[in-house]
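Listed below are the residues making up each chain.
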Amino acid sequence: MDKKDIDWGDLGFGYIKTDKRFVSDFKDGKWDEGRLIEDENIVLNECAGVLQYAQTIFEGLKAYTTKSGKIVTFRPDLNGERLENSAKRLEMPVFPKERFIEAVLATIKANEAWVPPYGSGATLYVRPYMFGSNAVIGVKPADEYQFRIFTTPVGPYFKGGVKPLTIKVSDFDRAAPRGTGDIKAGLNYAMSLHPIVVAHEEGFAENMYLDAATRTKVEETGGANFIFVTKDKKIVTPKSDSILPSITKRSLLTVAKDYLGLEVIEREVLFSEIEEFAECGLCGTAAVISPVGKVNDHGREICFESGMESMGQICGKLRDTLTGIQLGEIEAPEGWIYPVE
Ligand code: PLP
Ligand code: COI
């Protein structure tokens, strides 16, 4: 199989049409067997549930070419489980985890030529998603759905790769207590578009959202969870019912404990204490772990010890170990790596 002729090292985080996408339809109470198709366009009724009431959920994971030249993906079972939870919360039918994994592997396989080569720094981003497809005008769940998966080759989510970012404390809230912050629903991202445009206009890379009820606790950014490192090298990460349970974060906590021998603490993190931390990172599939050098709180700058020149030492080790596992350079915990065969 010949790889596509792409300048892999120059890729940003954008959409490039690849060869095949997976589609399965839910109709009359059941999912059909699904198929790989070439057409990237979707024709929908003007009144489709997704268009009127935003009934849509998604996932994000990546495929990698390992050091030995094999194509693999990372913990798709956890994405499958999270999609199940998202579906239940938005009254959508569950696409079973086992079928999800099978479909992800088949879609990657069908787009093998688009999986960036080992050492290029790029990966194939895999985007599973599901939406209500039939006409719905009264506010109620759709009866028909599509589950789809497309892929696109990507480089770093933040320009500059691992250069420390400056982010701002948002004046907007991302998720309500008992709301939908803990699922991956399109609606959570729609509401973050105005805050991110404002942040970018002001020169910030991302927003730090605080808890909506008290605005005293750190939640997450628009597309990643936070990891902090204390001055005595402990990992602290916010615990909250209204943040997305990041698969990258869960993996990094295991890496910190089992590979780096670090203490890991998941707890509420007060905004007032973040200046005590030595390092701060944003973690997610797209972000991997991207360092934060500075948080701007309405003009007051909170600067982490790790500075604005390079990634902090512990975040760097976490990143190198996680990517080493994903690229087959470091032995993975059992069940983390799924070969695409
Ligand atoms: N938080 C939000 C809001 C996200 O969109 C993402 C991205 O998926 C994450 C956290 C990180 O989750 P994961 O590591 O599973 O990609
Ligand atoms: C991901 O990391 O997969 C996400 O969905 C985050 C998004 C900001 C691209």
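A quick note: this is a predicted structure, and the numbers were derived from the prediction, not measured.

Basis of the calculations
Residues numbered from 1 in each chain as written. Chains lettered and ligands numbered in written order. Predicted model: local features only at pLDDT ≥ 70, side-chain atom pairs only at ≥ 80, totals over all residues. Heavy atoms only, no water. Near = heavy atom within 4 Å. Polar contact = N/O pair within 3.5 Å; in protein donor to acceptor, adjacent residues only side chain to side chain. Areas by Shrake-Rupley, 256 points an atom, 1.4 Å probe, with all protein chains shown as cover. 1 Å grid on protein atoms, 1.4 Å probe; cavity = no way out; pocket = protein on both sides within 12 Å on 5 of 7 lines; lining within 4 Å. Sits in = over half its atoms within 2 Å of the grid points. Helix = DSSP H or I, 4+ residues; strand = E, 2+ residues; numbered from the N terminus. Contact = heavy atoms within 4.5 Å. Nonpolar A, V, L, I, M, F, W, Y, C, P; charged D, E, K, R; others polar. Buried < 20%, exposed > 50% of the residue type's maximum accessible area, 1.4 Å probe, protein only. Pairing = 2+ DSSP bridges. Domains from an automatic or database assignment. Buried area = accessible area lost by both parts, 1.4 Å probe. Salt bridge = Lys/Arg side-chain N within 4 Å of Asp/Glu carboxyl O. Core = buried A, V, L, I, M, F, W, Y, C linked by side-chain atoms within 4.5 Å. Disulfide = S-S within 2.5 Å.

Caption draft 1: Representation of the site of ligand 2 in the model. Near ligand 2 the following residues occur: Phe13, Phe58, Gly60, Tyr125, Arg127, Tyr157, Lys184, Gly223, Thr285 and Ala286. Here alanine 286 contributes a backbone N or O atom positioned 2.8 Å from an oxygen atom of ligand 2. Here ligand 2, which alone exposes 280 Å², has 90% of that area covered by the protein. Its atoms largely coinciding with the cavity grid, ligand 2 occupies the largest pocket.

Caption draft 2: Summary view of the side chain of threonine 152. By the secondary structure assignment, threonine 152 is in strand β8 (residues 145-154). A distance of 3.1 Å separates the side chain of threonine 152 from the backbone oxygen of glycine 14, its partner in a polar contact. Within the structure, threonine 152 has its side chain in polar contact with the backbone nitrogen of isoleucine 16 (distance 2.7 Å). With residues up to four places along the chain from it excluded, the contact list for threonine 152 reads Gly14, Tyr15, Ile16, Thr18, Thr123, Leu124 and Tyr125.

Caption draft 3: Here's a closer look at the site of ligand 1. In the region of ligand 1, 17 residues are neighbours, and Tyr189, Glu220, Ser246, Thr248 and Thr285 sit closest. Protein contacts shield 97% of the accessible area of ligand 1, which totals 390 Å² for the unbound molecule. Given that more than half its atoms are within 2 Å of the pocket grid, ligand 1 belongs to the largest pocket. For the shell around ligand 1, the elements supplying multiple residues, two or more each, are α6 (247-259) and β14 (279-284). Of the residues assigned to the shell around ligand 1, the class counts are five nonpolar, eight polar and four charged.

Caption draft 4: Representation of the pairing of β14. Most of β14 sits inside the fold, with six of its six residues counted as buried. Neither face of β14 is exposed, since Glu279, Gly281 and Cys283 on one face and Cys280, Leu282 and Gly284 on the opposite face are all buried. In the sheet, strand β11 (residues 225-229) pairs with β14 via five bridges, with the strands oriented antiparallel. The residue of β14 that forms the bridge with phenylalanine 228 is cysteine 280. Here β14 hands over to strand β15 (residues 288-297) after three residues, the two strands then running antiparallel side by side.

Caption draft 5: Examining the domain arrangement of the protein chain more closely. Entries for the protein chain in the domain assignment read domain 1 (8-154) and domain 2 (165-326). The C-alpha centroid of domain 2 is placed 25 Å from the C-alpha centroid of domain 1. Tallying the contact residues gives 21 residues for domain 1 and 21 residues for domain 2. The largest share of the area that domain 1 buries against domain 2 comes from Phe58, Phe74 and Arg82, three residues that together contribute 36% of it. Inspection of the region where domain 1 meets domain 2 yields zero salt bridges.

Caption draft 6: Quick peek at the nonpolar core. Core analysis: the largest hydrophobic core is formed by 30 residues, its most contacted members being Ile57, Ile108, Met130 and Phe147. Elements represented by at least two residues in this core include exactly β1 (21-27), β5 (61-65), α2 (76-89), α3 (97-110), β7 (123-132) and β8. Looking at this core, the element that brings in the most residues is α3, giving five residues. The contacts of methionine 130, once residues within four sequence positions are left out, are Trp31, Gln55, Thr56, Ile57, Leu83, Met92, Pro93, Phe95, Tyr145, Gln146 and Phe147. Within the second largest apolar cluster, 23 residues are counted, among which are Ala205, Ala287, Val292 and Val295.

Caption draft 7: Quick peek at the environment of serine 68. Relative to the assigned elements, serine 68 resides in the loop between β5 and β6 (71-74). Once the C-alpha coordinates of serine 68 and lysine 97 are considered, the two residues, 29 residues apart in sequence, prove to be 28 Å apart.

Caption draft 8: Main features of the state of the cysteines. What the rule picks out here adds up to zero disulfides. Unpaired in this structure, cysteine 303 has its nearest cysteine sulfur neighbour in cysteine 280, at a distance of 12 Å. Accessibility expressed as a relative area gives 48% for cysteine 303, which makes it partly exposed. Left without a disulfide partner, cysteine 315 is nearest to the cysteine sulfur of cysteine 280, which lies 7.3 Å away.

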